[in-house]
Amino acid sequence: MLTQPTVARDIVAEPRAVYRARLLNPQSAEAFDYLPDGALVVNADGTIAEVVAASRIADDASHVTLHDFRPHLLIPGLVDVHSHLPQYDAVAMDGGELLSWLQAHIFPAEARFANPEKARDAAERFFRDMLAHGTTTAAVYATIHQEATSVAFSVAERLGMRAIIGKVMMDQNAPPMLCEDTETSLKQSEELCQQWHGRDRGRLQYAFSPRFALTCSMTLMRRAGELARQYNAYVQTHLSENLDELKWVKRLFPQAQHYTDVYRRAGLLGAKTLMAHCVHLSDEEFDLLQKTDTRICHCPSANFFLKSGIMNLVKAMKRHIHVGIGTDVGAGPSLSLFREMGAACLASKARWAMERFYRERLLEVWAEFSMLGARGTQLFRRVLAHLELDEEAHVADPKLVFYLATLGGARALGLDHHIGNFAPGKDADFVVIDTTPIDPTHDESEDQSLDTLLSRLVYRGKGTMVQATFVRGRRVHEEAQGRRAKFCQRLGSC
Ligand code: GUN
Ligand code: ZN
């Protein structure tokens, strides 16, 4: 049984509004525009008319509504390329690695979504919290349940969230209550795609979601890929996260050259495919992702939490692979992309430090084997290359990760012609930020340097900074109202 979708409400954008504030506008991983006193002019249909210095707005602009947010900061809406709605109630369950954690905490939490009421309540809290953290666009996994997935769409639609959502597909190696018949999984996924893909002028889109190679037959993966191509929908799945997972994939698919080759054989690689994690990829696998223009979802907190490892972000960037950042709740402990940006920088630094440590240790060892001569040097170089210890010393910086959480994420989703930064014609998805909580001087002055501002946002950013969130020019979260709603919820009144 499918839940009837609620009728899409028209967007109630105000007629030509001007938002005056400090404006931070990423143009690339290196270049940012910063207007200390800027104006974002928004059309009645929620698209951006212009981005200019406030001084350029005429004094007699009485036909527009002026929202003076000074001294706050406006940033583009954040883009979360990987998260699991049903896992929000099971976040921060510390313990094992991926496979034991799925069994102990995640599969039981997902099984509860057989109850649509439970699913509705969870979706409401999940999307509200995303918006409260400044996330305006998200790629989200639901569960295997058709109705719960439909409920997730209808809640995202009502709350004004921009979302790519998919019903999880699993037809093998899953607990009985979550294991589907292959045909049913395909049929229900196709029905959901027909019902929701492209809804509200593309604000909602569908992602066929074969969970990962362990829980999906080759038939299921192949046909999911065919359906995605037929409907021009997304595919989202997990790739190369955990070493035990890799060993199991090898046993299940002995013909495949490596994990990425399993998905290649299934026809799942391509520009509309979102591959989460990609922690243990060989050069050959990176080549394949690059060649097929497949997108990577970098989830650094989740990779730390489950002790999976550290994805080589610098390597992916050097290869010009499109990468976005994912909170990956519930392996990631929070829906905050600010925390995730900080984690991405720290992960990159941890990798750098580890590489340096091992390189130096190996140099010491090699010195002891100098009697091996040229052959020894050759061998040593091969060991360094194999362990990827010969990389140039680069780390991800605040500019890069802020770009990945905005314009880069939009590019990874192929949505950068609509969102990701402030440009005329794009949708006005933005976040109003009070920067005083992240600045020890509590100073929101206009003359703060761009580097300081970005660094503070990335390393110290938190949900409490978000004053309001807008999607297509419509206010979809306001901090004061959010606080009141939570207070009333606790009292059971209002
Ligand atoms: N691999 C397959 N399923 C999952 C999941 O739910 N979370 C994470 N982190 N990895 C997965
Ligand atoms: Zn995931």
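Everything numeric in this text was worked out from a predicted model, so none of it was measured. (Residues numbered from 1 in each chain as written. Chains lettered and ligands numbered in written order. Predicted model: local features only at pLDDT ≥ 70, side-chain atom pairs only at ≥ 80, totals over all residues. Heavy atoms only, no water.)

With that out of the way, let us pick up the overall build of the protein chain. For the protein chain, the helix and strand inventory stands at 17 helices and 16 strands. Taken over C-alpha atoms, the radius of gyration comes to 23 Å for the protein chain, in line with the 23 Å a tight globule of 494 residues would show. Across the 494 residues that make up the protein chain, the buried fraction comes to 57%. Sequence-distant contacts, at least 24 apart, represent 76% of the contacts inside the protein chain between residues at least 6 apart. When the accessible surface of the protein chain is totalled, it reaches about 20600 Å², and 52% of it is carbon and sulfur. (Helix = DSSP H or I, 4+ residues; strand = E, 2+ residues; numbered from the N terminus. Rg over C-alpha atoms; globule rule 2.2 N^0.38 Å. Buried < 20%, exposed > 50% of the residue type's maximum accessible area, 1.4 Å probe, protein only. Contact = heavy atoms within 4.5 Å. Areas by Shrake-Rupley, 256 points an atom, 1.4 Å probe, with all protein chains shown as cover.)

Within the span of helix 16 (residues 450-460), buried status applies to Leu 450, Leu 453, Leu 454, Leu 457 and Val 458. One face of helix 16 carries all of its buried residues, which in axial projection span an arc of 120°. Packed against the buried residues of helix 16 are strand 1 (17-26), strand 2 (32-42), strand 4 (65-76), helix 12 (337-368), helix 14 (398-404) and strand 14 (430-433). (Arc of directions from axis to C-beta.)

Mapped onto the elements, Tyr 459 comes out in helix 16. Distance from Tyr 459 to Val 314, taken between C-alpha atoms, is 19 Å for residues 145 residues apart in sequence. Other than its neighbours up to four places away in sequence, Tyr 459 contacts Gly 342, Cys 345, Leu 346, Lys 349 and Pro 398. In this structure the side chain of Tyr 459 is engaged in a polar contact, spanning 3.1 Å, whose partner is the side chain of Lys 349. (Polar contact = N/O pair within 3.5 Å; in protein donor to acceptor, adjacent residues only side chain to side chain.)

For the bond from Arg 70 to Pro 71, the omega torsion is 5°, close enough to zero to count as cis. If you trace the backbone, Pro 71 turns up in strand 4. Residue Val 329 is joined to Gly 330 through a cis peptide bond whose omega torsion reads 5°. For Gly 330, the location among the structural elements is in the loop between strand 13 (323-325) and helix 12. Positive phi outside glycine occurs at Arg 201, with the angle close to 50°.

Now for the site of ligand 1. Taken together, His 84, Gln 87, Leu 98, Trp 101, Leu 102, Arg 211, Phe 212, His 238, Glu 241, His 277, Asp 328 and Ala 331 make up the full set of residues near ligand 1. One of the side-chain N or O atoms of Arg 211 is found 2.7 Å from an oxygen atom in ligand 1. Note that a nitrogen atom of ligand 1 is positioned 2.7 Å from one of the side-chain N or O atoms of Glu 241. If ligand 1 stood free it would expose 280 Å²; the protein chains cover 100% of that surface. Of all the elements, helix 1 (residues 98-111) adds the most residues to the shell around ligand 1, at 3 residues. Residues that form the shell around ligand 1 fall into these classes: 5 nonpolar, 4 polar and 3 charged. (Near = heavy atom within 4 Å. Nonpolar A, V, L, I, M, F, W, Y, C, P; charged D, E, K, R; others polar.)

Let's shift gears to the coordination of the zinc ion (ligand 2). Listed as protein donors to the zinc ion (ligand 2) are His 82 (NE2), His 84 (NE2), His 238 (NE2) and Asp 328 (OD); their distances from the metal cover 2.0 to 2.8 Å. Coordination at the zinc ion (ligand 2) is irregular: its 4 donor atoms span angles of 83 to 164° at the metal. Mapping the donors of the zinc ion (ligand 2) onto the primary sequence gives the spacing H-x1-H-x153-H-x89-D. Residue His 84 is located in strand 5 (residues 78-84), and its partner Asp 328 is located in the loop between strand 13 and helix 12; the two are separated by 244 residues in the primary sequence. As far as burial versus exposure is concerned, His 84 and Asp 328 are alike and both buried. (Donors = N, O, S within 2.8 Å, 3.2 Å for Na, K, Ca; no water. Tetrahedral: all angles 85-135°; square planar, octahedral: opposite > 155°, others 65-115°.)

This part covers the environment of Asn 242. In this fold, Asn 242 is placed in the loop between strand 10 (234-239) and helix 7 (243-252). On the accessibility criterion, Asn 242 (2% relative accessible area) is buried. C-alpha of Asn 242 to C-alpha of Met 161: the two residues are 81 residues apart in sequence and 31 Å apart in space. Beyond its immediate stretch of four places on either side in the chain, Asn 242 contacts Glu 97, Leu 98 and His 280.

Okay, the packing of aromatic side chains next. All told, the structure shown has 13 aromatic pairs when counted by the stated rule. Relative to Phe 126, the ring of Tyr 88 has its centre 5.8 Å away and its plane inclined at 80°; by these criteria the two rings are edge-to-face. Of this pair, Tyr 88 sits in the loop between strand 5 and helix 1 while Phe 126 sits in helix 2 (residues 116-132), and the two are 38 residues apart along the sequence. Phe 126 matches Tyr 88 in its accessibility class, with the two residues each being buried. (Phe/Tyr/Trp six-rings, centres within 6.5 Å; stacked < 30°, edge-to-face > 60°.)

Mapped onto the elements, His 298 comes out in strand 12 (residues 295-298). Dropping the residues within four chain positions of it, His 298 is found in contact with Met 311, Leu 313, Val 323, Gly 324, Ile 325, Gly 326 and Ala 344.

To continue, consider the pairing of strand 12. On strand 12, burial covers both faces: Arg 295 and Cys 297 on one face and Ile 296 and His 298 on the other are all buried. Pairing of strand 11 (residues 273-277) with strand 12, which is carried by 3 bridges, proceeds in the parallel orientation. Within strand 12, the position partnered with Ala 276 by the bridge is Cys 297. Handedness of the crossover is the feature at issue here: the chain leaves strand 11, passes through helix 9 (residues 283-292), returns alongside strand 12, and the resulting connection is right-handed. (Pairing = 2+ DSSP bridges. Right-handed = clockwise from strand over helix to strand, strands pointing away.)

Turning to the sheet that holds strand 3 (residues 48-53), a few remarks are in order. Reading across from one edge, 3-2-1-4-14-15-16 is the order of the 7 strands in this open sheet, with mixed pairing throughout. Pairing within the sheet leaves two strands with one partner each, and these edge strands are strand 3 and strand 16 (474-478). In this sheet, neighbouring strand axes are inclined to one another by 35° on average, regardless of whether the strands run parallel or antiparallel. Relative to strand 15 (residues 466-471), strand 14 runs antiparallel, the two sharing 4 bridges. The residue bridging Val 432 from the neighbouring strand is Ala 468, located in strand 15. (Axes fitted to C-alpha atoms, helices over the stretch in contact; angles between N-to-C directions.)

When you line up the elements, Glu 180 lands in the loop between strand 8 (168-169) and helix 4 (182-196). In this structure the side chain of Glu 180 is engaged in a polar contact, spanning 2.9 Å, whose partner is the side chain of Ser 185. The contacts of Glu 180, once residues within four sequence positions are left out, are Ile 144, Lys 167, Val 168, Met 169, Met 170, Asp 171, Ser 185 and Gln 188.

Counted residue by residue, strand 6 (residues 135-141) has 7 buried out of 7 residues, so it is predominantly covered. Of the pairings in the sheet, the one linking strand 5 to strand 6 comprises 5 bridges and is parallel in character. Across the sheet, Leu 78 pairs through a bridge with Thr 135, a residue of strand 6. When strand 6 meets strand 7 (residues 162-166), the two strands line up parallel, connected through 5 bridges. Within strand 7, the residue paired with Ala 139 across the bridge is Ile 164. In this view, the connection linking strand 6 to its parallel neighbour strand 7 by way of helix 3 (residues 146-159) has right-handed handedness.

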